[in-house]
Protein chains: 2
Amino acid sequence: MDNVLVKKLQGYARLCEEDQRVLNAVVRDVRTVPAHTDLAREGEKSAFVHLVLEGFACRYKFTAEGNRQIMAFLVPGDFCDLHVVVLKQMDHSIGTISPCKVVDIPHEQILALLQRPRLSLAMLCAALVDSAVLREWLVNVGQRGARQRLGHVFCELLLRLRIVGLADNGYELPLSQTDLADTIGTSSVHLNRVLQELRQENLISWKGETLAIHDIDRLMKLSGFNSNYLHIGMQGADESAL
Amino acid sequence: MDNVLVKKLQGYARLCEEDQRVLNAVVRDVRTVPAHTDLAREGEKSAFVHLVLEGFACRYKFTAEGNRQIMAFLVPGDFCDLHVVVLKQMDHSIGTISPCKVVDIPHEQILALLQRPRLSLAMLCAALVDSAVLREWLVNVGQRGARQRLGHVFCELLLRLRIVGLADNGYELPLSQTDLADTIGTSSVHLNRVLQELRQENLISWKGETLAIHDIDRLMKLSGFNSNYLHIGMQGADESAL
DNA sequence: CCCAGCGCTTAACCTATGTTAATTTCCCGA
DNA sequence: TCGGGAAATTAACATAGGTTAAGCGCTGGG
């Protein structure tokens, strides 16, 4: 029974038995964290790298004026803060959105993972894809209208959650509308307006925590979504590299 | 006479003589590239990593509607596309803005650099800072008004260019207003409006290609600029790491 | 030296989105 | 089952920023 981390990393490199065993070994001492709890705070340096196994967390930052921008969703299989291994302090915060199951991984254990070439490659790929996602978010917020932005986020999450087996034509989306608004850089009032539109055009429905996407093709087209940046199905990447 | 790459990487790790020699050796076969020329295109995979030595280049992407978002400025000392060593294809394009001097570095040579622990650490830090910059840009575009956004970009470039010795209280900024508009996600008309305001408030002047910042403190305050995310002066980072 | 073209500037007008605030719905605990 | 608080919804109004278009001023080529 493979954990989400194995599922995800297998998308980037062919992992041998031993690689998988090592990864499964990392996922010990799972901790349950309530919603709206910080895992790491701006300015601090954590002794652990955090890995999400269940639930939604996010990377975020407040501006001087007190506005929050969510800069990434961290879903099952995602490392939250691999960079603390190297950088002196966090330049942003990480917090749960829904209740989460997370693992705190000590630095030495991360370094041990990186000793294994295939794992190292896969983790590097995952980190590069994280950057690619961030770039796409910038395009999204910088160039698209609110409808498109929202649709884009829904599409991206669909594909990302499918990788770890958590989506088919919909998924559990335990966010508040305010969270989504802080993601796409609009007010919550406007987010709601746009959401109503998508619902009325029968593109999606979202009730309780369940999002259903009724017409993914139309939604992708509407939002200008192109999945290239997720680098899905690029298994092996350039295996000769490392 | 150290090149900009050495200058920059020394900010992240204490490089030994040999490290510096190796870096200087990389900077052979400098190529001059005219303005508005692509160094790498979305969808392709380059055989080389590009390093900027002089001039401004950028990371960019067009949306389906034909709008351009600039996602990063690449200034002297910056690697443009380290990730091609690992990923199968570019998910965005890289192009020069002004005429540039660049070096095309073959993959094997990059891998050779990464064999040296200090260099490897420094390059990793640089890559992590690039991500941090990207996150800050997302905050900028998502949460701040156009004045603040523009001021923020000016502040960031000042600090980044100082690292490589290319700025004091101003710097050469060879961009068009359209380039800047595509950076902060506004129309060029609005960019111009905001620019006039900053000029009239005597915060900056920008004539020809020379930007002068008259009151950096006030500009930083106005734009909510906090330099933490650049991780300047964190030399050594966590040297025990790699 | 003059013309063509591009980039900058300005103005007028329009729309997407923000703000405030009132109302309703939902969910959870007593 | 009821009551309270948070989240969602809606409306009315305000504004930042987009669009279009016209005029201006360099700058480089003939």
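Rules behind the numbers
Residues numbered from 1 in each chain as written. Chains lettered and ligands numbered in written order. Predicted model: local features only at pLDDT ≥ 70, side-chain atom pairs only at ≥ 80, totals over all residues. Heavy atoms only, no water. 1 Å grid on protein atoms, 1.4 Å probe; cavity = no way out; pocket = protein on both sides within 12 Å on 5 of 7 lines; lining within 4 Å. Points joined across faces, edges and corners; volume = space filled by probe spheres on them. Helix = DSSP H or I, 4+ residues; strand = E, 2+ residues; numbered from the N terminus. Nonpolar A, V, L, I, M, F, W, Y, C, P; charged D, E, K, R; others polar. Domains from an automatic or database assignment. Contact = heavy atoms within 4.5 Å. Buried area = accessible area lost by both parts, 1.4 Å probe. Salt bridge = Lys/Arg side-chain N within 4 Å of Asp/Glu carboxyl O. Polar contact = N/O pair within 3.5 Å; in protein donor to acceptor, adjacent residues only side chain to side chain. Pairing = 2+ DSSP bridges. Axes fitted to C-alpha atoms, helices over the stretch in contact; angles between N-to-C directions. Near = heavy atom within 4 Å. Buried < 20%, exposed > 50% of the residue type's maximum accessible area, 1.4 Å probe, protein only.

Okay, the layout of surface pockets next. Residues and elements named next belong to chain A. When its volume is computed, the second largest pocket comes out at roughly 250 Å³. Taken together, 19 residues line the second largest pocket, and the ones lying closest to its centre are Lys8, Tyr12, Arg160, Ile163 and Ile232. Listing elements by their share of the lining of the second largest pocket, those giving two or more residues are α1 (4-9), α4 (117-143) and α5 (146-163). The greatest single-element share of the lining of the second largest pocket, amounting to four residues, is contributed by α4. Classifying every residue of the lining of the second largest pocket gives 10 nonpolar, four polar and five charged. Each of domain 1 (4-119) and domain 2 (135-230) contributes no fewer than three residues to the lining of the second largest pocket.

With that settled, the discussion passes to empty space enclosed by the protein. Residues and elements named next belong to chain B. The final tally for this structure, using the stated rule, is one cavity of 30 Å³ or more. Taken as a whole, the largest cavity encloses approximately 150 Å³ of empty space. As for the largest cavity, its lining consists of 14 residues, and the residues nearest its centre are Lys8, Tyr12, Asp78, Arg160 and Ile163. Secondary-structure elements contributing two or more residues to the lining of the largest cavity are α4 (117-143) and α5 (146-163).

This part is about the domain arrangement of chain A. Residue and element names in this part refer to chain A. Each assigned domain of chain A is listed here: domain 1 (4-119) and domain 2 (135-230). Averaged C-alpha coordinates put domain 1 and domain 2 at centres separated by 23 Å. Listed as interface residues are 15 residues of domain 1 and, on the opposing side, 17 residues of domain 2. Buried area between domain 1 and domain 2, summed over both chains or domains, comes out near 1500 Å², and the portion from carbon and sulfur atoms is 64%. For the domain 1 face of the interface with domain 2, the top three residues by lost area are Phe56, Arg68 and Phe73, together amounting to 40%. At the junction of domain 1 with domain 2, the criterion picks out three salt bridges. One salt bridge in this structure joins aspartate 182 and arginine 68, with 2.8 Å as the shortest N-O distance. Across the contact surface, domain 1 and domain 2 share seven residue pairs in polar contact (both at pLDDT 80 or more). Split into classes, the residues belonging to the side of domain 1 that touches domain 2 amount to nine nonpolar, two polar and four charged.

Another point: the sheet that holds strand β4 (residues 57-62) of chain B. Hydrogen bonding along the main chain pairs the strands of a sheet, whether they run parallel or antiparallel. Residues and elements named next belong to chain B. Strand order in the open sheet formed by four strands is β2-β6-β4-β5, with antiparallel pairing between adjacent strands. Two strands in the sheet have a free side with no partner beyond their single neighbour: β2 (38-40) and β5 (68-74). Neighbour to neighbour, the strand axes of the sheet diverge by 35° on average, direction disregarded. By the bridge criterion, four bridges tie β4 to strand β6 (residues 93-96) in an arrangement that is antiparallel.

This next bit is on the protein's contact with DNA strand C. Among the 16 residues in the neighbourhood of DNA strand C, the closest are listed as Ser187(A), Arg193(A), Gln177(B), Asn192(B) and Arg199(B). Contacts to DNA strand C include Arg193(A), whose side-chain N or O atom sits 2.8 Å from a base nitrogen. Put simply, the parts of the chain that give the surface near DNA strand C at least two residues each are α5 and α7 (188-200) of chain A together with α7 (188-200) of chain B. Split by residue class, the surface near DNA strand C holds three nonpolar, nine polar and four charged.

As a further point, take the pairing of strand β10 (residues 210-213) of chain B. Residue and element names in this part refer to chain B. Along β10, the buried face is formed by Leu211 and Ile213; none of Thr210 and Ala212, which line the opposite face, is buried. Both strand β8 (residues 170-172) and β10 contribute to a ladder of three bridges, which runs antiparallel. When the bridges of β10 are listed, glutamate 172 appears paired with threonine 210. Relative to β10, strand β9 (residues 204-207) runs antiparallel, the two sharing four bridges. In the strand pairing of β10, serine 205 is matched with alanine 212.

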